[in-house]
Every structure is written in structure tokens, then in C-alpha cells.
There are 2 protein chains.
Amino acid sequence: MAPSLEVQEEETALPFSNPTHTNEAPPHKSKVTVVGSGNWGSVASKLIASNALRLASFYDEVRMWVYEETLPSGEKLTDVINRTNENVKYLPGIKLGKNVIADPDLESAVKDSNMLVFVTPHQFVEGICKRLVGKIRGDVEAISLIKGMEVKMEGPCMISTLISQHLGINCCVLMGANIANEIAVEKFSEATVGYRGNREIAEKWVQLFTTPYFMVTAVQDVEGVELCGTLKNVVAIAAGFVDGLEMGNNTKAAIMRIGLKEMKAFSKMLFPSVKESTFFESCGVADLITTCLGGRNRKVAEAFARNEGKRSFDELEAEMLQGQKLQGVSTARELYEVLSHRGWLELFPVFATVHEIAIGRLPPSAIVRF
Amino acid sequence: MAPSLEVQEEETALPFSNPTHTNEAPPHKSKVTVVGSGNWGSVASKLIASNALRLASFYDEVRMWVYEETLPSGEKLTDVINRTNENVKYLPGIKLGKNVIADPDLESAVKDSNMLVFVTPHQFVEGICKRLVGKIRGDVEAISLIKGMEVKMEGPCMISTLISQHLGINCCVLMGANIANEIAVEKFSEATVGYRGNREIAEKWVQLFTTPYFMVTAVQDVEGVELCGTLKNVVAIAAGFVDGLEMGNNTKAAIMRIGLKEMKAFSKMLFPSVKESTFFESCGVADLITTCLGGRNRKVAEAFARNEGKRSFDELEAEMLQGQKLQGVSTARELYEVLSHRGWLELFPVFATVHEIAIGRLPPSAIVRF
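Predicted model only: the values in this text are computed from it and were never measured. Residue positions are given per chain, counted from 1 along the sequence in the order it is written. As they are written, the chains are lettered A onward and the ligands numbered 1 onward, keeping that order. In keeping with the model being predicted, local features are shown solely for residues with a pLDDT of at least 70 and side-chain atom pairs are shown and tallied solely at 80 or more, while totals for entire chains, interfaces and linings include all residues. Neither water nor hydrogens contribute to the side-chain values; these are computed over all heavy atoms in the structure.

Visitor: Would you mind showing me how to read the overall build of chain A here?
Guide: Under the DSSP-based scheme used, a helix requires at least four consecutive residues in state H or I and a strand at least two consecutive residues in state E, with every element numbered from the N terminus. A tally of regular secondary structure across chain A gives 15 helices and ten strands. We take the radius of gyration over the C-alpha atoms and set the globule estimate at 2.2 Å times the residue count to the 0.38 power. Against the compact-globule benchmark of 21 Å for 370 residues, chain A has a radius of gyration of 21 Å, which places it among compact chains. With the principal axes as the frame, chain A shows a C-alpha extent of 65 × 45 × 40 Å. The classification of residues rests on relative accessible area computed with a 1.4 Å probe and restricted to protein chains. Under 20% of the type maximum is buried, over 50% is exposed, and intermediate values are partly exposed. Taken over 370 residues, chain A has a buried fraction of 60%. By definition, residues are in contact when any of their heavy atoms lie within 4.5 Å. Sequence-distant contacts, at least 24 apart, represent 72% of the contacts inside chain A between residues at least 6 apart.

Visitor: Explanation requested: the sheet that holds strand β4 (residues 115-118) of chain B in the structure shown.
Guide: Hydrogen bonds between backbone atoms are what pair the strands of a sheet, whose relative direction is either parallel or antiparallel. Residue and element names in this part refer to chain B. Strand pairing follows a simple DSSP-based rule, namely that at least 2 bridges must link the two strands. Spatially, the eight strands line up as an open sheet ordered β3-β2-β1-β4-β5-β8-β9-β10, and their pairing is mixed. The strands lining the two open edges of the sheet, one partner per strand, are β3 (100-103) and β10 (214-219). Adjacent strand axes in the sheet meet at a mean angle of 25°, parallel and antiparallel pairs treated alike. Note on definitions: angles span 0 to 180 degrees between N-to-C directions of axes, and those axes are lines fitted to C-alpha atoms, for helices only across the stretch in contact. The strands touched by helix α2 (residues 39-54) are β1 (30-35), β2 (58-65), β3, β4, β8 (171-175) and β10; relative to β2, the strand with the most contacts, the crossing angle is about 165°. Contacts between helix α5 (residues 125-132) and the sheet are confined to β1, β2 and β4, with β4 contributing the most and set at about 155° to the helix.

Visitor: Explanation requested: the UniProt feature "active site" (unreviewed entry) in chain A in the structure shown.
Guide: Residue and element names in this part refer to chain A. UniProt positions are given in the numbering used here, feature names are shortened, and annotations may be inferred rather than shown by experiment. In the UniProt entry, the feature "active site" (unreviewed entry) is given for Lys232. Taking relative accessible area as the criterion, Lys232 reaches 5% and is therefore assigned buried. Non-local contacts of Lys232, meaning those with residues more than four positions away in its chain, are made with Lys147, Met263, Asp287, Leu288 and Thr291.

Visitor: How should I be thinking about the UniProt feature "binding site: substrate" (unreviewed entry) in chain A in this particular structure?
Guide: Residues and elements named next belong to chain A. UniProt records the feature "binding site: substrate" (unreviewed entry) for Lys147, Arg296 and Asn297 in the present numbering. A maximum C-alpha distance of 14.3 Å places the annotated residues, which cover 151 residues in sequence, within one compact spot. By the secondary structure assignment, Lys147 is in the loop between β5 (141-144) and β6 (150-152). Counting through the fold element by element, Asn297 comes out in helix α12 (residues 296-306). Setting aside residues no more than four positions away along its own chain, Asn297 makes contact with Asn233, Ala236, Ile237, Leu326, Gln327, Gly328 and Val329. As used in this structure description, the phrase polar contact means that two N or O atoms lie within 3.5 Å; if the pair is within protein, one of them must be able to donate a hydrogen and the other to accept it, and residues adjacent in sequence are counted only when both atoms belong to side chains. A distance of 3.3 Å separates polar atoms of two side chains, one belonging to Asn297 and the other to Asn233.

Visitor: Looking at this model, I keep getting lost on the interface of chain B and chain A. Mind explaining?
Guide: Interfaces are frequently sized by the accessible area removed from exposure as the parts join. On the side of chain A, 43 residues touch chain B, which itself brings 43 residues to the contact. Here, a salt bridge means any Lys or Arg side-chain nitrogen found within 4 Å of an Asp or Glu carboxyl oxygen. Here chain B is connected to chain A by six salt bridges. Ionic pairing is found between Glu281(B) and Arg257(A), a salt bridge with its closest N-O pair at 3.6 Å. Counting across the chain B and chain A interface gives 17 residue pairs in polar contact (both at pLDDT 80 or more). Of all the secondary structure elements, the ones that give two or more residues to the side of chain B that touches chain A are α1 (2-13), α7 (180-184), β9 (189-194), α10 (248-270) and α11 (282-293) of chain B.

Visitor: Explanation requested: the state of the cysteines in the structure shown.
Guide: Here a disulfide denotes one covalent bond, and it connects the sulfur atoms of two cysteines. Two cysteine sulfur atoms form a disulfide, by the criterion used here, when they sit within 2.5 Å. Enumeration over the complete set of coordinates arrives at zero disulfides over all chains. Summary of cysteine pairing: Cys129(A) is not part of a disulfide, and the nearest cysteine sulfur, belonging to Cys171(A), is at 8.2 Å.

Visitor: Hey, could you run me through the pairing of strand β4 (residues 115-118) of chain A in this one?
Guide: Consecutive side chains of a regular strand alternate in pointing toward one face of the sheet and then the other. Residues and elements named next belong to chain A. Covered by surrounding structure in β4 are Met115 and Val117 together with Leu116 and Phe118, the residues of both alternating faces. As paired elements, strand β1 (residues 30-35) and β4 share four bridges and run parallel to each other. Residue pairing in the sheet places Val32 in a bridge with Met115 of β4. The pairing of β4 with β5 spans four bridges and is classified as parallel. What sits directly across from Val117, in β5, is Ile143. For crossovers, right-handed means that the path from the first strand over the helix to the second runs clockwise, given strands pointing away from the viewer. Considered for its hand, the β-α-β crossover made up of β4, helix α5 (residues 125-132) and β5 is right-handed.

Visitor: Would you mind going over the relation of the copies chain B and chain A with me for this structure?
Guide: Residues reaching a pLDDT of at least 70 in both copies supply the C-alpha atoms on which the copies are superposed by least squares. Taken as rigid bodies, chain B and chain A are interconverted by a rotation of 180° and an axial shift of 0.0 Å, the fit giving an RMSD of 0.0 Å. Overall, the copies show the geometry of a two-fold rotation axis.

Here it is, written out as C-alpha cells:
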């Protein structure tokens, strides 16, 4: 596709400046560290690296904190990334950009940076934040790419809030229809940045992520954007049930639509500031569509329905996902607690029914009984 | 599914009253005629018939105007429908309900009715309306299930407006993610009724169509609901291009989302009364999803992209659709005229690009260049 070509031209056309010089940081330039180096973290680093090179307002060097591992070859993962410019373990075959520097030391990775991109598995965020207290610059801005915050009885525990509270910094979010491997090969995609107050910061994040094949839009609605990223997994399970029952596209579209309405209603009931228009953004309807077309929540739910609920999600997960856990199932359970705690069960038939089917209280076909 | 069973129980449980007695019409009861008997018209008759039997506010008998045909057997289509209770040509294998009376005479089919359901191919509507002038009751209410109005240079020519103007009556619309054959076998689905002023009438239409497997919601937005039904076909062609280019679900979701936003923006620019919330209804996001997952516009567009635009839509249509025409391609052309006429081309990249690809001015891959 033409857009991707353009990017590569820029990358090769621009002279590569020596990373070391970027440590003397004049205040007007921003320095970026990506905290995390999994599949999505590596793709994010690639996007950011191409823009850091291209734009004068950023230092060329992008640090990527890597949880160090020793590869079967005996080499350290960071050494291989820095030598081959590739995350051979989590994003093989994709060049990250020569200006991405893998760093196994969390403190050294963040110390010069004023823009931190959090993209780790959500269960590690709290621990990482605790280690970063007192180790970051005073003017740091953060953004979270982490989907899958926890929904607790009293309401959801937002990852962006967790980061803000532990580090006393502002934290935006970036969510959307973002299958990492498709963005890695520069297939056209979109994302949404959610910000709280500061429009300028939001635009800076948009600049840092936007490429001709990755279109980013900012909306002033952190909660709305972040909730979309979690709640859509519950709807994807409902969509998977419909697939497993072979009810066809009409029914699937109907369940996705009702699910989207429940996502919107739930978000607005918890956070009155949430905007209707956020659900028309990539983080809303587009991410929902991607997740309900592909995605492992949908896939395992389809198998669950095909087995008429006779095989549990745990069993199917173990078999189909090599022990990985489905976010959708646990989110549905947590969501159910919130709904019953607040007396909202009747208002959210799809959310409630997904959990009752998942625990075997109702048959999969109940997903279309209203 | 349980819902469909419920309906059948009702149908068999309720006594069938003799259609002839329903001609002495006390004013408080409504009498319904379905004008049209194709695939969707037959399914609509089935839905209506089950409610006409169940609800005291409607006469049991539902007249269905049938464009008379002689079947290969030599029998008249209307005779076979009235004997077998099945539209053997357009909806074989599905019982319409004993209270559906096929009538080949348009005048006699409508003369006692105060509720007319229009569900013919859109090119026949004008002719039918002309024949109905002076032949209908004074208190008639109409609803149009016809998707695919024409978009003329000065703006779209709405079918509901056409009916209202020719017959001097109020006309609602019913649109949604409605694949007729899936509703015929009572798979769960939804629809949206769009009404202008009178909420009571809208609720009456909702009553008449709603079944446990067909959920209908009313919104005060005729134009928004009706425009969704047409514009979504253009987005489906864009989605088909993405499928043909094998760009994956991310890209497809992004194009569907941008398409939905363009549907919304275009409708609101033409009719300021159009509501944002309408696009969250079945006629909006759900119909878009169904059409972009299945649907012949998507299918032929996929083939067009696979052939890198080397084979024209006319050629592919003839080959794939036995001479049927694609609404999406002609709508895209008409839409393009409106957009260039008003200087809006830059505001609607998906709408504009679909047409420019369809006429060979741009390659299919241009669908993702913004």
C-alpha cells in the first residue's frame, strides 16, 4: 500500500543521529520511553520510532524497557533486539527502527524521558509503577495502551487512574481496533487517544503515534475510551455464542448492537462525563467489530456454544489458548457483580446473560432471549 | 429457540376467525394490507399475521397484494398461496399464517384497510401509488419497508416522501438488519421504525411487527432511518474491497467505522433533524454490520478487488447475480453527484473513493488512502 511505502522512504531518507547525543536534553525536545516490549509494545515502538526520527520535537532515540529474558540461543533478548533491530521473540520479522534502544533496566530506561508509554500486561502495571516512584522526571506525561483493567464491585479500576495515582502524573489512554500483527505489516488501521484536560498533550501523543497507515484521533474522554477497551470483550463472547449457535449475521449484528448500547449505557452511568460520540470512534464501534469478527474471546465462546455449554470455559481455554486466560469471561463476572450490587441486572441483558451462560446457569441460546 | 416456539404456540392456540366477517369494520379495529409479496414482503406478512391474530386491535385477516404470476404448474400464484398458505415462489417452505389472504387485485386488496405496508421493489412504488390515488380509505396510515431510494443531484428522493406526496397520507418507515430468510426461520433480529410526528401511530406499527424473535424500536427520525438503509450499501462496497485486498479485520472495521461516520454526517447535512442516536439503532450500526459481513454488495466488491478492477462491476454482477443490479454501485454514483454538486467530496473520502474505484479512476487499494 502506498502509505506504508511513504513511511519507509522517510525512515531511510532521514539521517540517523547518534542516540548518545540525545541524552543532553534541551527542554523543548521530548524523549520517549516505551514501558513494555511484548507484541503490541513492539509495534507501538515501531510506530513511535518512525515519528521520533521524522519530527523535530522528539529525540530520535526511543528507549524500550524489556523484561530481560535469555533466549534458547543463550543470548539476552535485549542484546538481540539491539543487534538485529528486531524483537525476535514477540514480533519476529519486523524491523523496529534503528533508533529503538532496548534496555533491561527499568530505571535507566525512564530516567531521561518525559513521555512514558505503558504497554505491559495489566497485572504488572501496579508493580512497575511502585518501582518507578521517585525515579521519573518531574514533567513526565504518560499514556496507557493497556486494555483489560479490572472491574471491581465499586466500579472499574482504570489503569490510567492507577498510573496517575501511583506516580502523581497525568495519564492519557490509546485504544482502538488494533490487532498488533496487522499494524506491524502496515495495514491501515485507526486508534483513539482519550485525554482528560490538556488538549496540547493529547495532540502530542497523536503526533507521536500517527502514520499514513495508522490514523489517531483524540477525544476528551479517558473513561469512555478506556471502558470501551474492556467491555467489548464481554460483547465478543456474546457474539461468539451466536456464531456457535449458527444464528446468522442478522442475529450477530443485533447482539453486537445491543452490546454496544450496553457499553455506552454502563459507561455513562458510572461516569456521567462519558460522551456518546466516543462510541463512534475507533475505540468504540471499530474495536467492537474487530473483536467480534476475530479475537480469542469470540473464538472460545463459539466453541463453548458448539459444545452446548457441556465443556467449561476453563477447559476450552486450556485447550485452545495454551493456558492463556480470556479477559472477557473474568470481565463478565466482575461486571455481573457490579450490576447486581447496584440493582442494574435488568438494564444490561447481554452483559448479565453472558455471565450466566458462562457459569452454566443458562444455556447458550439464552443470549437471544430478551 | 424458545421465542419462536412461543409464537407457534400462540398461532395454533388462538382460534382462527373467518376472514369474511372482518369486512364489516367497526372503527376501532385496524385492517392491514401488505402491498408486495416478494421475499421480504412474505416474511413481513408472516410477522404481521401472527400479531393480527394475537391482538384484539387488529382484524385477523391480513391482505397481501400479489403481482399475479402463472407458475410452471399452470396454477396462479395467488391460488397456490391461498391453498397452501405458502409463497411457493418467493418464500418456499414457510407458512405465512392462515389469516394471510393473497389478492391479485390491488384495488380490492387495499379498499378496506387503514394500514398499508409497502414492500415492493423501489422502481414500482411510484406506479403503484398512482394506481392507488382515490382508491384508499381516508384514514390510511402507511409504512415503507423499501430500501434503496434514489439519491438525486438535489438530494435523496425518499420513498416515504414519494408515498406521502402521491397519496396525501402519513408514511413511516421500517428498516434494520433484516435478512428476510433468517427472520423467516425465526432467528432473533431487530428493526427500527422511523416516524415523523405521531408517536401513537409509530407504537401501533411496533405492535404489528414485534414478535419474541423480532424486536422493533421506534425513533422520531424518518429521514435518518431511511437514509441508513441506502447509504450502508456504499459502505458495504468499501468493506468488500478491503476483503478482496485481504487487508484483515482491523482495516475492515476502520473502513466500516469511517463509513458509518460519513452516513451520519451526510444525513445530518441534508436533514438537520436527523438524530445521532438513530445510528446506534438496528437501522444504523446493526444493518451496516450485517451488510458488510454478508450481502451481495460486499460480495461483488470483493470479487472486483480480487480482479484488481480489471473486470467491471457490470460484468461481475451479470456473472454473480444473474443480471440483478447492485444498489451500492448506483447509489455511490448518485452520491458522488450530490457530493461534487455541493463541494463536499473532501468531507466524504469513503463515499467518494468507492465511486472512483468502481469507475476505474482509482485502484481498489485507494480505499485506505486518506
